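A structural walkthrough
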Amino acid sequence: MLGVFLTLLLLCALLIGKTTHTYRYMWLAPIVAAVFSAAYALSLHDDGPQDPNRPH
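The rules behind each value
- Residues numbered from 1 in each chain as written.
- Predicted model: local features only at pLDDT ≥ 70, side-chain atom pairs only at ≥ 80, totals over all residues.
- Heavy atoms only, no water.
- Helix = DSSP H or I, 4+ residues; strand = E, 2+ residues; numbered from the N terminus.
- Expected span 1.5 Å × (residues − 1).
- Buried < 20%, exposed > 50% of the residue type's maximum accessible area, 1.4 Å probe, protein only.
- Arc of directions from axis to C-beta.
- Contact = heavy atoms within 4.5 Å.
- Axes fitted to C-alpha atoms, helices over the stretch in contact; angles between N-to-C directions.
- Parallel < 35°, antiparallel > 145°, perpendicular 65-115°, else oblique.
- Left-handed = near helix turned anticlockwise from the far one by under 90°.
- Nonpolar A, V, L, I, M, F, W, Y, C, P; charged D, E, K, R; others polar.

**Examining helix H2 (residues 28–44)**
Taking 1.5 Å of rise per residue, 17 residues should cover 24 Å, and H2 covers 25 Å from first to last C-alpha, within 8% of that figure. Along H2, the positions that sit buried rather than exposed are Ala29, Ala33, Ser37 and Ala41. Burial along H2 is one-sided: seen end-on, the buried residues are contained in an arc of 90°. Exposed and facing more than 90 degrees away from the buried side of H2 are Val35, Phe36 and Leu42. Contacts from the buried residues of H2 go to helix H1 (2–20).

What follows is the structure, given as structure tokens:
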């Protein structure tokens, strides 16, 4: 989970740096990374429809 957050943080920082060419909006990177990593963590717990034939 920490790896997902750090990867997203790096990607967001690179994207913001490449598009704006300044550090002014770099504070958005940890917020965006936190939101997307939280969404990823919540999606891990959703198994979807349960298969009755699946062994428990």
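**Focus on the packing of H1 against H2**
Running from N to C, H1 and H2 cross one another at 140°; their axes reach a closest spacing of 8 Å. Between H1 and H2, the angle falls in the class oblique. Of the two possible hands of crossing, H1 and H2 adopt the one that is right-handed. Contacts between H1 and H2 involve Val4, Phe5, Leu8, Leu9, Cys12, Ala13 and Ile16 from the former and Leu28, Ala29, Pro30, Val32, Ala33, Ala34, Phe36, Ser37 and Tyr40 from the latter. Of the residues assigned to the contact of H1 with H2, the class counts are 15 nonpolar, 1 polar and no charged.

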